[in-house]
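# Reading the structure
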Amino acid sequence: MLLKELQLYNFRQYIGSQKVIFSTDSDKNVTLLLGKNTSGKTTFVQAFRWILYNNSDFVGSGKNSTRLLNDKVRRSMSQGQTETVKASIILEHQ
């Protein structure tokens, strides 16, 4: 089974729809995620944890460390307004 894609929507540091496509090429089968500190690399790992194990107990510091909804999106909401947070993976089998 190959990990093909990770999709996020308003998830933690990411606003709107974001997609990471992982390499499934048999000759070039490595995907690297590079970024500065606090840019969201760990968020990818936490998204897998949330998707696969329904565990949103994020490790971090500060009062916002356990929130799933992006803070900027949350602050722009009106009282009574709802927003969506989504995360999904696409796997390829054979």
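Residues numbered from 1 in each chain as written. Predicted model: local features only at pLDDT ≥ 70, side-chain atom pairs only at ≥ 80, totals over all residues. Heavy atoms only, no water.

### Quick look at the environment of Ala-87
In this structure, Ala-87 sits in strand 3 (residues 86–92). Judged by relative accessible area, Ala-87 falls into the buried class, the value being 19%. When neighbours within four sequence positions are excluded, Ala-87 is seen to be in contact with Gln-7, Leu-8, Phe-11, Trp-50 and Ile-51. (Helix = DSSP H or I, 4+ residues; strand = E, 2+ residues; numbered from the N terminus. Buried < 20%, exposed > 50% of the residue type's maximum accessible area, 1.4 Å probe, protein only. Contact = heavy atoms within 4.5 Å.)

### Focus: a nonpolar patch on the surface
Residues Val-30, Leu-32 and Leu-34 make up a contiguous nonpolar surface patch of roughly 400 Å² in combined accessible area. On the secondary structure map, Val-30 appears in the loop between strand 2 (17–21) and helix 1 (41–53). Judged by its relative accessible area of 61%, Val-30 is exposed. (Patch = residues over 30% accessible without salt bridge, like charges linked within 9 Å, V, L, I, M, F, W, Y side chains within 5 Å. Areas by Shrake-Rupley, 256 points an atom, 1.4 Å probe, with all protein chains shown as cover. Salt bridge = Lys/Arg side-chain N within 4 Å of Asp/Glu carboxyl O.)

### Describing the nonpolar core
Judged by nonpolar contacts, Leu-6, Leu-8, Phe-11, Tyr-14, Val-20, Phe-22, Phe-44, Ala-47, Phe-48, Trp-50, Leu-68 and Ala-87 together constitute the single largest core of 12 residues. Elements represented by at least two residues in this core include exactly strand 1 (2–9) and helix 1. For Leu-6, the contacting residues outside a window of four places in its chain are Gln-18, Lys-19, Val-20, Phe-22, Phe-44, Ala-47, Phe-48, Ile-51, Ser-88 and Ile-89. (Core = buried A, V, L, I, M, F, W, Y, C linked by side-chain atoms within 4.5 Å.)

### A short note on the pattern of salt bridges
Taken as a whole, this structure holds 3 salt bridges when the rule is applied. Two residues, Glu-92 and Lys-4, come together in a salt bridge whose shortest N-O distance is 3.4 Å. Pair noted here: Glu-92 is in strand 3 and Lys-4 is in strand 1, with a separation of 88 residues, a long-range link. By relative accessible area, which is 29% here, Glu-92 ends up partly exposed.

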